[in-house]
Amino acid sequence: MKKFLPLLSVSLLLASVVSAQGLRYGVTGAMNASNFAMELNDLSFNPDMRIGFRAGFRVEMPAPFIYDGFYFDGELLLSSKGAKIDTTVGEQSADSTVRPYYLELPIHIGYRYDFGGGNVGIFGSFGPYVAMGLFGTDKVTVGSTSTKPDTFSDERLKRFDFGLGLRAGVAMFDHYRIFVGYDWGLINIAQDSDNKVNNRNFYVGASYMF
């Protein structure tokens, strides 16, 4: 709960300034191709990407006080991440699909360059994100036995995540954004301190600004 309060506070701050001069808001969505960077003791493993989604609300604020074309943006997202993992336990194979769902808040600084009379522009941005795990049910199969443990149980993943992200794309007709991006999780989210798990996520998506 203590880790969730800073995320909630920043979200409320974004909402409170939505009427500020120059601030724009919109909706955004993307396809996630997520995976884990992993170091697990005493296990051979082969993580593979899992396809998910991210969807939510977006705000943009121009920052001409830095230089013309610079801006800040923030999003409040529901994001589905995780990975598919093949492991070996003794002489048995084990397959696990990890399916966490996060409330995620990325905050970026970016630069946009317009051409073609201002109808088309290209942009790039980077910045941190914070995320809080909301829910998730994994699927684990060992031999012929399947179980569905809670993703955020004491034996699996921590709820809080923090990382850095990059994004680039095209802006069209002042309303549309098409982009690709990548996020690096910087926090070990494994509950077991002997293991190391970090989120990785590539995404492709679009936004509409009102």
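Above: the structure in question.
Each chain carries its own residue numbering, running from 1 in the written order of its sequence. At least 70 in pLDDT is required for a residue's local features to be given in this predicted model, at least 80 for side-chain atom pairs to be given and counted, and no such filter applies to totals for whole chains, interfaces and linings, which use all residues. By convention in this description, side-chain values take in all heavy atoms of the structure and omit both hydrogens and water.

A. Seen up close, unusual backbone geometry. Here F173, not a glycine, exhibits a phi torsion of approximately 55°, which is positive. Numbering of helices and strands runs from the N terminus, with a helix taken as a DSSP run of H or I at least four residues long and a strand as a DSSP run of E at least two residues long. On the secondary structure map, F173 appears in the loop between strand 11 (160-172) and strand 12 (176-185). Its identity is not glycine, yet D174 carries a phi of approximately 70°, on the positive side. Here D174 shows up in the loop between strand 11 and strand 12. Take D174: its relative accessible area is 38%, and that puts it in the partly exposed class. Working definition: with a 1.4 Å probe on protein chains only, accessible area under 20% of the residue-type maximum means buried, over 50% means exposed, and in between means partly exposed.

B. Examining the pairing of strand 12 more closely. A one-sided burial pattern is seen for strand 12, the buried positions being R177, F179, G181, D183 and G185 and the unburied ones Y176, I178, V180, Y182 and W184. In the sheet, strand 11 pairs with strand 12 via 10 bridges, with the strands oriented antiparallel. Paired with L164 across the two strands is W184, which belongs to strand 12. Note on pairing: DSSP must find at least two bridges between two strands before they are called paired. Between strand 11 and strand 12, which follow one another and run antiparallel, lie three residues, and F173 among them has a positive phi close to 55°. As judged from the nine bridges shared by strand 12 and strand 13 (residues 196-209), these two strands associate in the antiparallel manner. By the bridge assignment for strand 13, F179 is matched with G205.

C. Structural context of a nonpolar patch on the surface. Patch membership requires over 30% relative accessible area and the absence of a salt bridge. Like charges are linked within 9 Å, and nonpolar side chains (Val, Leu, Ile, Met, Phe, Trp, Tyr) within 5 Å. A 1.4 Å probe and the Shrake-Rupley method give the accessible areas. Residues count as covered only by the protein chains that appear here. We define a salt bridge as a side-chain nitrogen of Lys or Arg found within 4 Å of a carboxyl oxygen belonging to Asp or Glu. On the surface, F65, I66, Y67, Y111, Y113, F115, I122 and V170 cluster together into a nonpolar patch covering about 810 Å² of accessible area. Sorting elements by how many residues they give to the nonpolar patch places strand 7 (residues 100-115) first, with three residues. With respect to the helices and strands, the residue F65 is situated in the loop between strand 3 (50-62) and strand 4 (70-80). Given a relative accessible area of 62%, F65 falls into the exposed group.

D. Representation of the packing of aromatic side chains within the structure. Aromatic rings from Phe, Tyr and Trp, with only the six-membered ring used for Trp, were paired whenever their centres fell within 6.5 Å, and each pair was classed as stacked if the ring planes differed by under 30 degrees, edge-to-face if by over 60, and tilted otherwise. Enumeration according to the criterion identifies 11 aromatic pairs in this entry. Their ring planes at 80° and their centres at 5.9 Å tell us that Y102 and F152 sit as a pair that is edge-to-face. Of this pair, Y102 sits in strand 7 while F152 sits in the loop between strand 10 (145-147) and strand 11; the two residues are 50 residues apart in sequence, bridging distant segments of the chain. You'll find Y102 and F152 in the same group, each marked buried. Ring plane angle 65° and centroid distance 5.3 Å describe the contact between Y176 and Y208, whose orientation is recorded as edge-to-face. Taken together, the residues span a long stretch of sequence, with Y176 in strand 12 and Y208 in strand 13 at a distance of 32 residues. You can call Y176 partly exposed: its relative accessible area is 41%. According to the relative accessible area criterion, Y208 is partly exposed, its value standing at 29%.

E. Up close: the pairing of strand 3. Pairing of strand 1 (residues 24-39) with strand 3 involves 11 bridges; the strand directions are antiparallel. In the sheet register, T28 faces strand 3, and the bridge partner there is G56. Pairing geometry for strand 3 and strand 4, over nine bridges, is antiparallel. The partner of A55 across the bridge, within strand 4, is L78.

F. Local environment of the nonpolar core. Counting 14 residues, the largest nonpolar core has F36, M38, L157, I189 and V197 as its most contacted members. Counting only elements with at least two residues in this core, the list comes to strand 1, strand 5 (83-89) and strand 8 (120-136). Aside from chain neighbours lying at most four places away, what touches L157 is F36, V98, T151, F152, I189, Q191 and V197. Here the nonpolar core consists of buried residues drawn from Ala, Val, Leu, Ile, Met, Phe, Trp, Tyr and Cys, with membership extended through side-chain atoms lying within 4.5 Å. By size, the runner-up hydrophobic cluster in this structure holds six residues, among which are A30, Y71, A171 and F179. The contact definition used throughout considers only heavy atoms, calling two residues in contact when any of these lie within 4.5 Å.

G. Region of the structure containing the pattern of salt bridges. The final tally for this structure, using the stated rule, is 12 salt bridges. The residue E60 makes a salt bridge to R58 at a minimum N-O spacing of 2.9 Å. Overall, E60 belongs to the buried group, its relative accessible area being 11%. Across the pair R112 and D114 runs a salt bridge, and its minimum N-O distance is 2.6 Å. A residue is classified by how much of its surface remains accessible, and D114, at 36% relative accessible area, is partly exposed.

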